[in-house]
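Analysis of the macromolecular model
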Amino acid sequence: MINYKEIEQKWQKAWQDAKAYEPEVSDKESLMVFAAEPYLDMPQHVGHLRTYGTADVYARYMRMKGMNVLYPMCFHATGTPVLAIAKRLQNNDESLIKRLKAFHVSDKDIEKMKDPSYIAEYFRNEMKSSMQAAGYGIDWRREFVSIDPIFMKMVEWQFLRLKDKGYLKQGRHPVGWCTKDNSAVGQHDTRHDVQPELEALVAVKFKDAYSDIYFACATYRPETVYGVTNIFVGENVEYVVASVNGVMMYLSKDAATAMSYQASIKIERDISVKDLLSKRAINPVTKEEVPIFPGYFVKSDVGTGIVMSVPSHAPFDYIALQRLSTSGVKVPMPPYKKLISVEGDSSDEIPALAYLNALKAGINSADDIIESATKQIYNDESRRGVMLVGKYQGRKETEAREGIKKDLLSGGDAFEVYQIANEEPVFCRCGTRIVVKIVEDQWFINYGDKDWKNGVHTALSKISIYPRKLTQAYVNTVDWLDMRAAERAQGLGTKFPFNQSHVIESLSDSTIYMSFFTYVNVLKSASVSPEQLKPEFFDYVINSIGSADAVSSTTGIDIMVIKGCKESFDYWYRRTSSHSGPDLVNNHLTMYLFNHVALFPEKLWPKQIVTNGFINYEGEKMSKSIGSVVPLSDGVAKFGADPLRLAEITAAEIDTDTEFSLESVNGVISRNEFLYNALLDIDSLKGTELEPIDYWLYSRMNRKIEEATEHMDRLELKSAYIEAYFNSIVELKYYLERGGHNQMAMRDYLESVTLMIAPIMPHLAEEFWHALGKSTLAAKERWPTADRSMINEKIEHIYAMIDTVVSDIAQTIELTSKIDANKGKSPKSIKIIIADDWKRSAYNALSKTHKIDEAMRDPSVSGVNKEVLGKFLSQFMKRINSLSPLPEIKNDEVFIGFAGSRAFLSKRFGVPTEIELEGTSKSPRASRALPDRPSLEIIWG
RNA sequence: GCAGGGAUGGCGGAGCAUGGUCAAACGCGACAGGCUUAGGACCUGUUGCCUUAGGGCUGCGAGAGUUCAAAUCUCUCUCCCUGCACCA
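Notes on the structure in this doc start here. Since the model is a prediction, treat every value here as computed from it, not as a measurement.

Looking only at helices and strands, chain A has 33 helices and 32 strands in total. Overall size of chain A, expressed as C-alpha extent along the three principal axes, is 115 × 80 × 55 Å. Put simply, 76% of the contacts in chain A that link residues at least 6 apart link residues at least 24 apart. Between the centroid of the 114 positive side chains of chain A and the centroid of its 126 negative side chains there is a distance of 2 Å.

Moving on, we come to the packing of aromatic side chains. Per the counting criterion, the structure on display carries 39 aromatic pairs. Ring centres of F144 and F517 lie 5.4 Å apart, and the angle between their planes is 50°; this geometry places the pair in the tilted category. Taken as a pair, F144 in strand 4 (residues 144-145) and F517 in helix 16 (residues 513-525) lie far apart in primary sequence, 373 residues in all. Across the pair, F517 and F144 agree in class, each one buried. Arranged with centres 5.6 Å apart and planes meeting at 70°, the rings of F151 and F516 form a pair that is edge-to-face. On the criterion of sequence distance, the pair formed by F151 in helix 7 (residues 149-164) and F516 in helix 16 is long-range, its members being 365 residues apart.

With that settled, consider the sheet that holds strand 6 (residues 183-184). The strand order 6-5-19-21 describes an open sheet built from four strands, whose pairing is antiparallel. In this open sheet, the two strands that pair with only one neighbour each are strand 6 and strand 21 (483-485).

Another point: empty space enclosed by the protein. Within the structure shown, the criterion is met by one cavity of 30 Å³ or more. Taken as a whole, the largest cavity spans an internal volume of roughly 50 Å³. R50, T54, N612, I649, A652, E653, I654, L715, L717 and K718 are the residues that line the largest cavity. When residues of the lining of the largest cavity are traced back to their parent elements, those giving at least two are helix 2 (49-64) and helix 25 (717-737).

A few words on the side chain of R645. If you trace the backbone, R645 turns up in helix 22 (residues 641-649). With near-sequence residues (within four places) excluded, R645 lies in contact with L49, D56, V57, R60, A134, G135, Y136, T650, P759, I760 and P762.

Another aspect to go through is the protein's contact with RNA strand B. Around RNA strand B, the surrounding shell holds 55 residues, and the nearest of these are Y39, H173, R484, R488 and S506. Between RNA strand B and N476 there is a distance of 2.9 Å, counted from a sugar or linking oxygen to a side-chain nitrogen or oxygen. In this structure, a base oxygen belonging to RNA strand B sits 3.2 Å away from a side-chain N or O atom of R925. Those elements that place two or more of their residues in the surface near RNA strand B are helix 15 (471-480), strand 21, helix 20 (585-599), helix 23 (664-680), helix 25, helix 28 (793-816) and strand 32 (935-940). Among the residues making up the surface near RNA strand B, the classes are represented as 16 nonpolar, 20 polar and 19 charged.

This paragraph deals with the nonpolar core. With 203 residues, the main nonpolar core has Y71, W452, F516, Y519 and F537 as its most contacted residues. The residues contacting F537, other than those within four sequence positions of it, are Y519, L523, V551, T555, I557, I562 and C565. Listed in part, the 53 residues of the second largest apolar core include L321, A352, I370 and M387.

The subject of this paragraph is a nonpolar patch on the surface. A contiguous nonpolar patch, built from L690, Y695 and M744 and spanning about 270 Å² of accessible area, is present on the exposed surface. With respect to the secondary-structure elements, L690 resides in the loop between helix 23 and helix 24 (692-713).

One pass over the structure, following the stated rule, counts 42 salt bridges. R161 is paired through a salt bridge with D539; the nearest N and O atoms lie 2.8 Å apart. In this pair, R161 is assigned in helix 7 and D539 in helix 17 (residues 535-543), connecting sequence segments 378 residues apart. The partner of D407 in a salt bridge is K391, and the shortest N-O contact between them spans 2.9 Å.

Judged by how many residues are buried, strand 7 (residues 198-208) sits mostly within the fold: eight of eleven residues are covered. Across seven bridges, the pairing between strand 7 and strand 18 (residues 414-420) is antiparallel. Paired with L198 across the bridge in strand 18 is I420. Bridge count between strand 7 and strand 8 (residues 214-219): six bridges; the pairing is antiparallel. Of the residues in strand 8, the one forming a bridge with F206 is F215. Between the antiparallel neighbours strand 7 and strand 8 lie five residues.

Before going further, it helps to spend a moment on the packing of helix 16 against helix 17. To describe two helices that pack against each other, one gives the angle between their axes and the distance between the axes. At a closest axis distance of 12 Å, the pairing of helix 16 and helix 17 adopts a crossing angle of 125°. What the angle tells us is that helix 16 and helix 17 run oblique. The two elements helix 16 and helix 17 cross, and the hand of that crossing is right-handed. Along its contact with helix 16, which presents F516, Y519 and L523, the element helix 17 presents F537, F538, V541 and I542.

As a packed pair, helix 26 (residues 743-757) and helix 27 (residues 762-771) sit with axes 8 Å apart at the nearest point and diverge in direction by 155°. Considering their axes alone, helix 26 and helix 27 lie roughly antiparallel with respect to each other. Relative to helix 27, helix 26 is oriented so that their crossing is left-handed. Contact with helix 26, carried on its side by E751, T754, L755 and I757, involves P762, L764, A765, F768 and W769 of helix 27 and no other residues of that element. When grouped by side-chain class, the residues that make up the contact of helix 26 with helix 27 number seven nonpolar, one polar and one charged.

Reading the values: the criteria
- Residues numbered from 1 in each chain as written.
- Chains lettered and ligands numbered in written order.
- Predicted model: local features only at pLDDT ≥ 70, side-chain atom pairs only at ≥ 80, totals over all residues.
- Heavy atoms only, no water.
- Helix = DSSP H or I, 4+ residues; strand = E, 2+ residues; numbered from the N terminus.
- Contact = heavy atoms within 4.5 Å.
- Lys, Arg positive; Asp, Glu negative; His and termini not counted.
- Charge placed at Lys NZ, Arg CZ, Asp CG, Glu CD.
- Phe/Tyr/Trp six-rings, centres within 6.5 Å; stacked < 30°, edge-to-face > 60°.
- Buried < 20%, exposed > 50% of the residue type's maximum accessible area, 1.4 Å probe, protein only.
- Pairing = 2+ DSSP bridges.
- 1 Å grid on protein atoms, 1.4 Å probe; cavity = no way out; pocket = protein on both sides within 12 Å on 5 of 7 lines; lining within 4 Å.
- Points joined across faces, edges and corners; volume = space filled by probe spheres on them.
- Near = heavy atom within 4 Å.
- Polar contact = N/O pair within 3.5 Å; in protein donor to acceptor, adjacent residues only side chain to side chain.
- Nonpolar A, V, L, I, M, F, W, Y, C, P; charged D, E, K, R; others polar.
- Core = buried A, V, L, I, M, F, W, Y, C linked by side-chain atoms within 4.5 Å.
- Patch = residues over 30% accessible without salt bridge, like charges linked within 9 Å, V, L, I, M, F, W, Y side chains within 5 Å.
- Areas by Shrake-Rupley, 256 points an atom, 1.4 Å probe, with all protein chains shown as cover.
- Salt bridge = Lys/Arg side-chain N within 4 Å of Asp/Glu carboxyl O.
- Axes fitted to C-alpha atoms, helices over the stretch in contact; angles between N-to-C directions.
- Parallel < 35°, antiparallel > 145°, perpendicular 65-115°, else oblique.
- Left-handed = near helix turned anticlockwise from the far one by under 90°.

Shown next as structure tokens:
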């Protein structure tokens, strides 16, 4: 039995002693592999293995291919999550405490975690030890956290230079806002971790016909302003007259409060619904005067609490008017004006009614049915609608919407109202309902800059992207990214240089951290202080501005240290490979490109980005902090690092999400035992002469090396290990089953397999390597190379024929047992008759020419009786188009192969097996032999 | 809504950019047999349908098309997943 715990400890120590993963600058080709910096708010779980393990396998593989490979690691603690945990613990949040306990965090540590800095420290240690336990070949000399002062100096440099280049801008911006905490809220700040979604409504201003006060009618569909028949106000809603940026308006009280975070609002006085109902308002577009009615569906906390009524296209408006009408109120009656027609719809019926009818909905229907009619109209008209009226007549509805919105806004006839778009209200953790606030003078990174985008497109065109299918997603993200907030009022992180009371937003501070790996060890070992890391230092190291001399005198850093940093950066940043999950494509990874294009010399721009799919565990996405997850350290302790690594990393190809079950690890464990036993048994193998089956094994081995290498080079780790591991085992069994017993062949085979599994099961590979009598570290060995001359098509073809014969015999015995003559009998012996050589020649000729007459004229079959030849060839005509040529083998070679397998065949079927050649066989079935399928005769008795 | 990615056997998932070697890799599950006191693990075989000699039929979301030939190419449709920002 393999003791995983024991071999893990043994070889982890050996690697450490040999400094196997602490590469130095050299004249070898360099590669830095790095994976997304993990966030210090939860332990590593087995799902993380997908990304960090893939990076590790790749790093190990490239090292075995002869490159000088660096795999460093750092941790992310910037932003609010760490603070949020501390705060929740201070409030004794039960669910969080429960989760932490599931991760084996002790009561004592939970208590200490009320201090955020302890959270970072705790998880940093936890992650590091989990990663070591999993066998990652990380250079820990370069470890840092994103809140280390020396790192923050680099981030500061980053933002100084972004501003110099004109990429930082100030402006106004809507955010989700807690009025009690006075701060912006993101997903993790809300109750139940809901992402607050923001949306903008257009509030169209209908002037009161008899005063200078406006009805602010909020709508998603300003293009329907042409069909307004009236205005609705809520019956039980409180209304006020308020000045909005100096203009008097009617608004619901709730709206006035909410909007006070978006504009200058002054409530002048209350106004009753009754008063409002007595007024009339003027449509700013059509100039029509319309009445005001009570709308049962109007809510005070949506939009402005006032809506315009478009009964032709809005089912709620239509129903509300119907209800008023039946209760005796005199309201605008049909026909209502149809404003938009959907392609292919020729009826004159107004859409609101048509869609309600389609749902069999009427005046008394429940709101959710009317709601669904509303959604259908919205969808259909947005997708295929064309305007029938107004300035944008004939244009697509979506274009008209944008056009009218723009016209109204610029003409002062409307303004935008932001609100939370979530179906349910969103609450801050403190219990306050979230509103939308417009933040003024907010600093942004302007990813909308045209020239900058062009630069990123250039960079993108030269980067290797895995999986390739994501390429388009990157291209689109580059085009789509626009202004992005760069500073934040709360959270850990580097102070924003142009507003010291804010910190740099934590996605923005993690775009160039990977460059810091290249020289942080030099800074640390020279004990360089943060104060010494002036911008000039980074200008020099990264962009070769100035000289080491000059930087040394400005900063006081030893000149050799500066030169060391520069050399290290230039060396390690030449070639990099970034590894992460697919959720980062739309943000971090694209911003990573933007920032490099802005701040780094072109030759050091990113070279390769690899993203892997998610791992689901018991139906839940493990990358999310919620739900049940298995800590990595638990997985390693239970199954062993290597089986876990192999099972998870090869669970799916890199581009697919997958379900992972810990049970699948068991299959790996038993296969490992088989390999290990085969390895221990080598000495008992006595064969010295190479037999056909040995040539077969060498052929398969070299083919496997070739194929596995191709897959590895394309980061197709699953396919690579199906070859290098799973199929190796299948073939080894095949070899032994067929009597393979050559010690040298077996040793060569197992050495290759051991080296190929070294990247994915590094501990086991060391154990095997040493069991094979080696004294070096497998981790430092070279990946095997295929010897093409050992790939033997003929021998593989012969064994494929034998396999076919095995299944044919089984099938034939099954079928012939039902013949009356054979009832009560059992097979006594089996004859296998190998076809004459001319059949193969004729078959190959036919597969080339596709014509019987031409094939018959082929010189290779000149001596064959024409009638026999014609009859033979004619049987292939029905599948003439799918014939493929066979290797040129002589039937005596085939005979030797079959003869070598006689013992196996006899054992397999429990009866004597004879091999004959067609030419000398006396069997009546001899002439049925085909070149790739010997004829069979089962003798019953 | 916008953008990206998907749809294959009982299940997960290859294959589809280079159409034929595909009843479809690999794994799981199921069934039968072996081993075992029993269970688990492990080993062997079977696992679309039909077939009295190695054959045939149906099939890769739906529909249409191109082709001698389509899981693979083209078009249309339906459904599913992911992201949409100040949040790491």
